[in-house]
Amino acid sequence: MHLKGNMTMCMLLLILLSLLMGLSSLSWMGYWISLELNTIAFLGMVCILSGSNYSGGMKYFMVQSSCSFLLIFSTFSAELASSDVWALLVLFSLMVKVGASPFHMWVPLVSGELEWAGNIILLTLQKIIPMALLCLLYNSSMESIYILIGGLSCIVGGVSGWGELSLRKLMSFSSINHVGWMVVCSMMGEGVWTIYFIVYSLLSLGVMSLMKIVDVWNMNDLWESGESGLRFSLSMLLLSLSGIPPMTGFYPKWVVLEASYSVGLGPMVLFMLVASIVLMSFYLRLVLFSLTFHSKGLVKSKFYLWGPISLLSTLGWAGLEAFGLLSSSLQHMLLL
């Protein structure tokens, strides 16, 4: 056990080193090396944490190695380097690496095979270098592609979570939704993207750490989980991660909304806020499962009642949110 802990810490330090290399690099070769080092270190951590279950690591390796090959091929191909094809190939490989829709299918598959510790790394740290490169790669000619992928990720991430019982897959769908927000944030500059990513990562770290402590893996486990204090803390973190005001998770979305007017993306961000209502609904479903005292005989019979209840609760919050956003938006436009 002591050796396993030391090896895990070494892999984590290697991941952090790869992040520093990627963020301080000045060439695409440096970016590629940091991405490869990051992938190798994460695979090592997955193998250590998962024991004999390597299926999640193998799926991750196949996806990331394919994208790395496409990235290095497009970067060093002399025929493509001076054309728009180069930028599109690099953009495609980065979108797959970060798990944006419609290239998101691998994320829930890998997430469902990993331990909670592996999911924390997968859904937070592993997105830093690709997202930073997306911000670096962006130019006005790619605006429509970024908007399309960002909006599609928000919709798919919210809709796909309905009916899902695995908490690890639910967190992966939540990550896809937030990736959509971060893709749009990358169009507004590094500052906006950084604020959103930091808040998202801290909240996701809190949620998944508590799920690991309480030892829950699916929806039914929430009915049978630990102390009421831990369940209450988990519920508050879930509400904040959903972006419901006045929780902490609403702050980065408010920052994005304000910044969107300076780059002409106000209507797009308002659309994404409306699309996030679906995401809020399955977060509220998790909260209701977590806070309600359980009865094993009622889990299956009462399960389908939580959908309408959580949807009605979400619409109530959404009404308050929409009123506040509408009044602020109108005030901003009048001042302009």
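Now for a description of the structure that goes with this document. (Residues numbered from 1 in each chain as written. Predicted model: local features only at pLDDT ≥ 70, side-chain atom pairs only at ≥ 80, totals over all residues. Heavy atoms only, no water.)

Things to note about the overall build of the protein
For step 1, the next point in the chain: Broken down by element type, the protein carries 16 helices and zero strands.
For step 2, the next point in the chain: Burial analysis of the protein (336 residues in total) assigns 53% to the buried set.
For step 3, the next point in the chain: Considering only contacts in the protein between residues 6 or more positions apart, those separated by 24 or more positions represent 75%.
For step 4, the next point in the chain: Taken as a whole, the protein presents about 15000 Å² of accessible surface, with 72% of it coming from carbon and sulfur. (Helix = DSSP H or I, 4+ residues; strand = E, 2+ residues; numbered from the N terminus. Buried < 20%, exposed > 50% of the residue type's maximum accessible area, 1.4 Å probe, protein only. Contact = heavy atoms within 4.5 Å. Areas by Shrake-Rupley, 256 points an atom, 1.4 Å probe, with all protein chains shown as cover.)

Some details on a nonpolar patch on the surface
For step 1, the next point in the chain: A cluster of nonpolar residues, Leu17, Met21, Met29, Ile33 and Phe76, forms a patch on the protein surface that exposes about 420 Å² of accessible area.
For step 2, the next point in the chain: Sorting the residues of the nonpolar patch by element identifies helix H1 (2–24) and helix H2 (28–50) as the ones contributing at least two each.
For step 3, the next point in the chain: Tracing the chain through its elements places Leu17 in helix H1. (Patch = residues over 30% accessible without salt bridge, like charges linked within 9 Å, V, L, I, M, F, W, Y side chains within 5 Å. Salt bridge = Lys/Arg side-chain N within 4 Å of Asp/Glu carboxyl O.)

Concerning the environment of Leu70
For step 1, the next point in the chain: Locating Leu70 in the fold gives a position in helix H3 (residues 55–76).
For step 2, the next point in the chain: For Leu70, a relative accessible area of 18% translates into the label buried.
For step 3, the next point in the chain: Sequence separation between Leu70 and Leu94 is 24 residues, and the spatial gap between their C-alpha atoms is 9.7 Å.
For step 4, the next point in the chain: With residues near it in sequence (within four places) discarded, Leu70 still touches Leu89, Phe92 and Ser93.

Overview of the pattern of salt bridges
For step 1, the next point in the chain: Using the criterion set out here, one finds one salt bridge in the structure.
For step 2, the next point in the chain: In this structure, Glu113 and Lys59 form a salt bridge, with 3.7 Å as the shortest nitrogen-oxygen distance. One end of the pair, Glu113, is in the loop between helix H5 (106–111) and helix H6 (116–123); the other, Lys59, is in helix H3, with 54 residues separating them in the sequence.
For step 3, the next point in the chain: Glu113 sits in the partly exposed class, given a relative accessible area of 27%.

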